[in-house]
Amino acid sequence: MNLLASMRYLVALSEHKHFGRAAQACHITQPALSNALRSLESEFGVVIVKRARVYVGLTHEGERVLATAQRMLRDNEVLQQELRSEEGHPRGRLRMAAVPTAIPMLSRFAAMLHELHPGIVPAVLSMSSQDLEMGLESLSVDLALGYTERMHLPGIKLTAWPQSVEHYFLLRRAAKPSADRLRIGRPMSWADAGKLPLCLLTPDMHNRFIIDQALRDADTVVEPAIETNSVLTLALAVLAGTVSSVLPGSMVAAVRSYRELEALPLVAPEVKTPLGFMTQTGVRPSRALDAALVFLQTPAWREQVRLHSGALGE
């Protein structure tokens, strides 16, 4: 039995929660995956997977084996990177995730990091805050960009690198296109924004919680015209001219080339949300993660954050 491969299959099953999809992700057949898991149970002398016609979860013992599997795979990746990398030239994959509205910032970070270190292969993933936190906990995510105010995971400690304090804007089609790019208009109250037909993220997103809370503070309750879990849909729906949306500065910066749009800073109340990179405390970083942590503290990256997030112009 290849113990490391079997551990990888167990982690895949936990992530996909489906035998067939886990096998497909591992590029093996479903019977091969099931046989590997049975061999793992024989090796440790415990039942790992709850038996049923479909996947229903892991046993208590299985959860403990899973935690060990996650650490083993992480340590293996760290070792592989150390063996493949030369001094000053890190090599290897780096799994990074961001909440949807911070994807433009993370994409820019990944591109600049790869340009600086061509041997690093970033994987940029969009996740809800809850999935992002679970990814950090399970070690399936190396570096996350999200809401630092949510750093309250039980039994896990996170280290944060603050990036920006996001401000919020009402994004809408301009009455008249500007000469070159999106125009930043005069401030608008949250109460007035709530009177417009809005395209917003779905309620499971923390961004939606922030927006709903701001509207409640302005004594306004909104029934969105459109709901989506895609930040691309937010921008495209506004471009179509039928709805407006509420976006943080990093998302507004990503659509600044559209001169047909305008963004109005939202006030009354003032809403400011801190964003930061996060890693799990106490975990030995890979060479790729080490390089990323150094880069995110450089003046070059800090200037990108200043230009493309926050208040956009203050």
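From a predicted model like this one, the values you see are computed outputs, not experimental measurements. Here the residue numbers are simple positions, counted from 1 along each chain's written sequence. Totals for whole chains, interfaces and linings use all residues, but because this is a predicted model, local features are given only for residues with pLDDT of at least 70 and pairs of side-chain atoms are given and counted only at 80 or more. As a rule here, side-chain values come from all non-hydrogen atoms in the structure, and water together with hydrogens is ignored.

**Student:** What's the story with the overall build of the chain in this structure? I'm lost.
**Tutor:** The secondary structure listing takes helices from DSSP runs of H or I that are at least 4 residues long and strands from runs of E that are at least 2 residues long, numbered from the N terminus. Along the backbone of the chain there are 12 helices and 12 strands. Principal axes of the C-alpha set define a box for the chain whose edges measure 70 × 50 × 35 Å. Burial classes follow relative accessibility: with a 1.4 Å probe on protein chains only, a residue under 20% of its type's maximum area counts as buried, one over 50% as exposed, and anything between as partly exposed. Split into buried and exposed, the 314 residues of the chain put 50% on the buried side. Working rule for contacts: check all heavy atoms of both residues, and any pair within 4.5 Å makes them a contact. Taking contacts inside the chain between residues at least 6 apart in sequence as the whole, the part at least 24 apart equals 77%. For every accessible area listed, the method is Shrake-Rupley and the probe measures 1.4 Å; residues are considered covered only by the protein chains on display. As displayed, the chain offers around 15700 Å² of accessible surface, 52% of which is attributable to carbon and sulfur atoms. Here Asp and Glu are counted as negative and Lys and Arg as positive; His is not counted, and neither are the chain ends. Just so you know, the charge point we use is NZ for Lys, CZ for Arg, CG for Asp and CD for Glu. Measuring between centres, the 33 positive side-chain charges of the chain sit 3 Å from its 31 negative side-chain charges.

**Student:** So what exactly am I meant to see when it comes to the nonpolar core here?
**Tutor:** Among the nonpolar cores identified, the biggest contains 52 residues, and Phe109, Leu143, Trp190 and Phe277 are the most heavily contacted of them. In this structure, Phe109 is in contact with Met96, Leu143, Phe277, Ala292, Phe295, Leu296 and Trp301, ignoring residues within four places of it in sequence. Throughout, nonpolar core names a set of buried Ala, Val, Leu, Ile, Met, Phe, Trp, Tyr and Cys residues whose side chains join them through atoms within 4.5 Å. Membership of the second largest hydrophobic core comes to 23 residues, among which are Phe19, Ala22, Ala23 and Leu37.

**Student:** I would appreciate a short explanation of the packing of aromatic side chains in the present structure.
**Tutor:** Two aromatic rings, taken as a pair, are described by how far apart their centres are and by the angle between their planes. By convention, a stacked pair of Phe, Tyr or Trp rings (six-membered ring in the case of Trp) has centres within 6.5 Å and planes under 30 degrees apart, an edge-to-face pair has planes over 60 apart, and any other such pair is tilted. Under the definition given, this model contains 6 aromatic pairs. Residues Phe109 and Trp301 carry aromatic rings whose centres are separated by 5.1 Å and whose planes lie at 75° to one another, so their mutual orientation is edge-to-face. Here Phe109 is found in helix α5 (residues 103-116), whereas its partner Trp301 is found in helix α12 (residues 299-308), with 192 residues between them in sequence. You'll find Phe109 and Trp301 in the same group, each marked buried. On the numbers, 6.4 Å between centres and 50° between planes, the contact of Tyr168 with Trp190 is tilted. One end of the pair, Tyr168, is in strand β5 (residues 168-173); the other, Trp190, is in helix α7 (residues 190-193), and 22 residues separate them in sequence.

**Student:** What is the right way to read the side chain of His117 from this model?
**Tutor:** Among the secondary structure elements, His117 is positioned in the loop between α5 and β2 (120-126). Using a relative accessible area of 17% as the deciding quantity, one classes His117 as buried. Residues in contact with His117, not counting those within four places in the same chain, are Gly88, Pro90 and Ala291.

**Student:** Just to check I follow, could you spell out helix α3 (residues 30-44) for this structure?
**Tutor:** The periodicity of an α-helix, 3.6 residues per turn, causes residues three or four places apart in sequence to face the same way. Expected span, for any helix, means 1.5 Å times one less than how many residues it has. Look at α3: 22 Å from first C-alpha to last across 15 residues, which is about the 21 Å you get at 1.5 Å a residue. Within α3, burial applies to Leu33, Ser34, Ala36, Leu37, Leu40 and Glu41. Each buried residue of α3 lies within a common arc of 160° when the element is viewed along its axis, so the set occupies one face. Opposite the packed face of α3, turned more than 90 degrees from it, sit the exposed residues Pro31, Ser42 and Glu43. Those residues of α3 that are buried are in contact with α1 (3-16), α2 (19-26) and α4 (60-84). Directly beyond the C-terminal end of α3, a positive phi value near 70° is found at Gly45. Note that the arc is defined by the directions from the helix axis to the C-beta atoms.

**Student:** How should I be thinking about unusual backbone geometry in this particular structure?
**Tutor:** Negative phi is the rule for most residues except glycine; trans is the rule for most peptide bonds. Of note, the bond from Ala268 into Pro269 is cis; its omega dihedral lies within 30 degrees of zero at 10°. Counting through the fold element by element, Pro269 comes out in the loop between β11 (261-267) and β12 (273-280). With a phi angle near 55°, Lys17 is a residue other than glycine that sits in the positive phi range. Residue Lys17 is classed as exposed on the basis of its relative accessible area, which comes to 52%. In this structure, Asp219 is a non-glycine residue whose phi angle is positive, near 60°. Tracing the chain through its elements places Asp219 in the loop between α8 (206-217) and β9 (226-228).

**Student:** Quick question: what am I supposed to make of the pattern of salt bridges here?
**Tutor:** A side chain of one charge can pair with a side chain of the opposite charge when the charged atoms of the two come close. Definition used for salt bridges: Asp or Glu carboxyl oxygen within 4 Å of a side-chain nitrogen of Lys or Arg. Counted by the stated rule, this structure contains 9 salt bridges. With a closest N to O distance of 2.2 Å, Asp142 and Arg74 form a salt bridge. Of this pair, Asp142 sits in the loop between α6 (129-138) and β3 (143-147) while Arg74 sits in helix α4, and the two are 68 residues apart along the sequence. Judged by relative accessible area, Asp142 falls into the buried class, the value being 12%.

**Student:** Before we go on, may I ask you to explain the sheet that holds strand β4 (residues 158-166) in this structure?
**Tutor:** Strands pair in a sheet through their backbones, by hydrogen bonds, and they do so in one of two ways: parallel or antiparallel. At least two DSSP bridges between two strands are required for those strands to pair. Spatial strand order, β2-β1-β3-β12-β4: 5 strands in an open sheet with mixed pairing. Looking along the sheet, the strands with just one partner apiece sit at the ends: β2 and β4. With direction set aside, neighbouring strand axes in the sheet form an average angle of 20°. With axes taken as lines fitted to C-alpha atoms, and helix axes fitted only over the stretch in contact, angles between N-to-C directions fall between 0 and 180 degrees. The strands touched by α5 are β1 (92-98), β2, β3, β4 and β12; relative to β2, the strand with the most contacts, the crossing angle is about 175°.

Honestly, that's just the spatial picture; any functional story needs more than this.
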